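Structural characterization, general
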Amino acid sequence: DARVTQTPRHKVTEMGQEVTMRCQPILGHNTVFWYRQTMMQGLELLAYFRNRAPLDDSGMPKDRFSAEMPDATLATLKIQPSEPRDSAVYFCASGSGRGPGYEKLFFGSGTQLSVL
Amino acid sequence: QKEVEQNSGPLSVPEGAIASLNCTYSDRGSQSFFWYRQYSGKSPELIMSIYSNGDKEDGRFTAQLNKASQYVSLLIRDSQPSDSATYLCAAFMTTDSWGKLQFGAGTQVVVTP
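Overview of the structure. The residue numbering used here restarts from 1 in each chain and proceeds along that chain's sequence as written. A letter from A marks each chain and a number from 1 marks each ligand, given out in the order of writing. Note on the predicted model: pLDDT of at least 70 is required for a residue's local features to be given, and 80 or more for side-chain atom pairs to be given and counted; whole-chain, interface and lining totals, by contrast, use all residues. Hydrogens and water molecules were not included; the side-chain quantities draw on all heavy atoms of the structure.

**A closer look at the overall build of chain B**
Defined as follows: Runs of H or I in DSSP of at least four residues are treated as helices and runs of E of at least two as strands, each being numbered from the N terminus. When checking whether two residues touch, look at their non-hydrogen atoms; a contact exists if any pair is within 4.5 Å.
Broken down by element type, chain B carries zero helices and eleven strands. Listed by position from the N terminus, the elements making up chain B come as β-β-β-β-β-β-β-β-β-β-β. Principal-axis analysis of the C-alpha atoms gives chain B an extent of 50 × 30 × 20 Å. The contacts of chain B with a sequence gap of at least 6 include a subset with a gap of at least 24, amounting to 54%.

Listed below in C-alpha cells is the structure:
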C-alpha cells in the first residue's frame, strides 16, 4: 500500500531549537509539496519540488525555514531557530507530476509541532 | 482576498439528505480542481477531481465546475454519519515553472442521525 511517510509524528521543542521534519514520497512520484495547517490559516503552501528541484518556496519565512530534497526518496523541512508561532501541523504531499494541472496529491500523516 | 474561498460551516445535514458545498476561486488561469476530505486529526484525502465544465459523478459524490463563474461545488447524496468531516476545495494554479495547489479553508460537515 503506497503511502507518504512523515517523521516524526509529534515534536515538542523549546523556542530557539532546530527542528527537522522528514518525508518519504510515494515511490515513483516526482513532485513533493510541503504544507502547514493551523486553525487560523488553514492549509498554507510552504514549498514544492519537482524532480528534486525547488520550484517555489515563496510561502516560507526565508530567514528561518529551509526545504531540501537530497535524493528522490527524502524531502526535509528545517526550522532554525523555531518560534512558538511555528506551532502547527506540517504535511508533506507527493504527486505523480503528470503535468501542470493534473497533480493529484497524496498526503502524509503530518508532523504535529509544538514550540514552547 | 484568499485565492480559494469556502464557507467554513458547520453545515448540518440530516442523515440521508444531500449536502451541498460551494467554493469560488480568484485565478481565472486555474485549470483543475479537487475536493479533499479531512477527518479531525487526520490528513487530507483526495475524493474528487474535475477539469472540465459540467458535472462529474463518483458514487455518492458529484462535483460541478463552472469556469465562467469561477465556481466549484460538491454534492454528497444520501449523507451518512461517516461523511462528517471537513471538506477542502483546492485549485491548481499554473505558474511559470509548474503550478501550485491552493486550498480553501474548508467547510465542516456534520451529518446528524
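**Let's talk about the sheet that holds strand E7 (residues 65-71) of chain A**
Backbone hydrogen bonds are what pair the strands of a sheet, in a parallel or an antiparallel way. Residues and elements named next belong to chain A. Defined as follows: At least two DSSP bridges between two strands are needed for those strands to be called paired. Between the N-to-C directions of two axes lies an angle of 0 to 180 degrees, each axis being a line fitted to C-alpha atoms and, for a helix, fitted only over the stretch in contact.
Overall, antiparallel pairing links the four strands, which are arranged E1-E3-E8-E7 in an open sheet. Strands at the two margins of the open sheet, each flanked by one partner only, are strand E1 (5-7) and E7. In this sheet, neighbouring strand axes are inclined to one another by 20° on average, regardless of whether the strands run parallel or antiparallel. Relative to strand E8 (residues 74-79), E7 runs antiparallel, the two being bridged by five bridges. Residue pairing for E8: Glu68 is matched across the bridge by Thr76.

**With respect to the interface of chain A and chain B**
As a reminder of what qualifies: Only one rule defines a salt bridge in this text: a Lys or Arg side-chain nitrogen within 4 Å of an Asp or Glu carboxyl oxygen. Two N or O atoms form a polar contact when they lie within 3.5 Å of each other; inside protein one atom must be a possible hydrogen donor and the other a possible acceptor, and for residues adjacent in sequence the pair counts only when both atoms belong to side chains.
If you look at the interface, chain A gives 24 residues, while chain B gives 23 residues. Across the chain A-chain B interface, the total number found is one salt bridge. The salt bridge partner of Asp56(A) is Lys100(B), with a shortest N-O separation of 3.6 Å. Applying the counting criterion to the chain A and chain B interface returns four residue pairs in polar contact (both at pLDDT 80 or more). Looking at the side of chain A that touches chain B, the elements that each hand over two or more residues are strand E4 (31-38), strand E5 (42-50) and strand E6 (53-56) of chain A.

**Concerning the state of the cysteines**
Residues and elements named next belong to chain A. Cut-off, in case you're wondering: We call a pair of cysteine sulfur atoms a disulfide whenever their separation is within 2.5 Å.
Applying the stated criterion to the full structure yields two disulfides over all chains. One disulfide in the model links Cys23 with Cys92; its S-S distance is 1.9 Å. Its S-S torsion of approximately -55° makes the covalent link between Cys23 and Cys92 left-handed. Taken as a pair, Cys23 in strand E3 (residues 19-24) and Cys92 in strand E9 (residues 88-95) lie far apart in primary sequence, 69 residues in all.

**Quick look at unusual backbone geometry**
Most of the time, phi is negative for any residue but glycine, and the peptide bond is trans. At the junction of Thr7(A) and Pro8(A), the peptide bond is cis and its omega measures out at -10° in the coordinates. With respect to the helices, strands and loops of the structure, Pro8(A) is situated in the loop between E1 and strand E2 (10-13).

**A word on the pattern of salt bridges**
Residue and element names in this part refer to chain A. Using the following cut-off: Residue burial is assigned from relative accessible area. The probe radius is 1.4 Å, only protein chains are included, and a residue is buried under 20% of its type maximum, exposed over 50%, and partly exposed in between.
All told, the structure shown has nine salt bridges over all chains when counted by the stated rule. Linking Glu83 and Arg64 is a salt bridge whose minimum nitrogen-to-oxygen distance equals 3.5 Å. In this pair, Glu83 sits in the loop between E8 and E9 while Arg64 sits in the loop between E6 and E7, placing the two residues 19 residues apart along the sequence. A relative accessible area of 23% places Glu83 in the partly exposed class. Note that Arg64 is salt-bridged to Asp86, the shortest N-O span being 2.6 Å. Here Arg64 is found in the loop between E6 and E7, whereas its partner Asp86 is found in the loop between E8 and E9, with 22 residues between them in sequence. Exposure remark for Arg64: the relative accessible area of 6% places this residue in the buried category.

**With respect to the packing of aromatic side chains**
Using the following cut-off: Paired rings are identified among Phe, Tyr and Trp, the last through its six-membered ring, by centres lying within 6.5 Å, and are further divided according to the angle between planes into stacked (under 30 degrees), edge-to-face (over 60) and tilted (the rest). For a ring to carry a charge above it, either NZ of a lysine or CZ of an arginine must fall within 6 Å of the ring centroid while also lying within 35 degrees of the normal to the ring plane.
Across all of its chains, the model carries ten aromatic pairs over all chains by this definition. With a centroid separation of 5.3 Å and an interplanar angle of 85°, the aromatic rings of Tyr35(A) and Phe103(B) are classed as edge-to-face. Here the residue Tyr35(A) occupies a position in strand E4, and Phe103(B) occupies one in strand E10 (residues 99-103), the pair thus bridging two chains. For the residue pair Tyr35(A) and Phe103(B), the accessibility class agrees, reading buried in each case. Consider the rings of Phe107(A) and Phe103(B), whose centres lie 5.9 Å apart with planes at 75°: the pair is edge-to-face. With Phe107(A) in strand E10 (residues 106-107) and Phe103(B) in strand E10, the pair connects residues from two separate chains. Of the residues examined, Phe103(B) reaches a relative accessible area of 5% and is grouped as buried. Taking NZ or CZ as reference, Arg60(B) lies 5.7 Å from the ring centre of Phe61(B), over its face.

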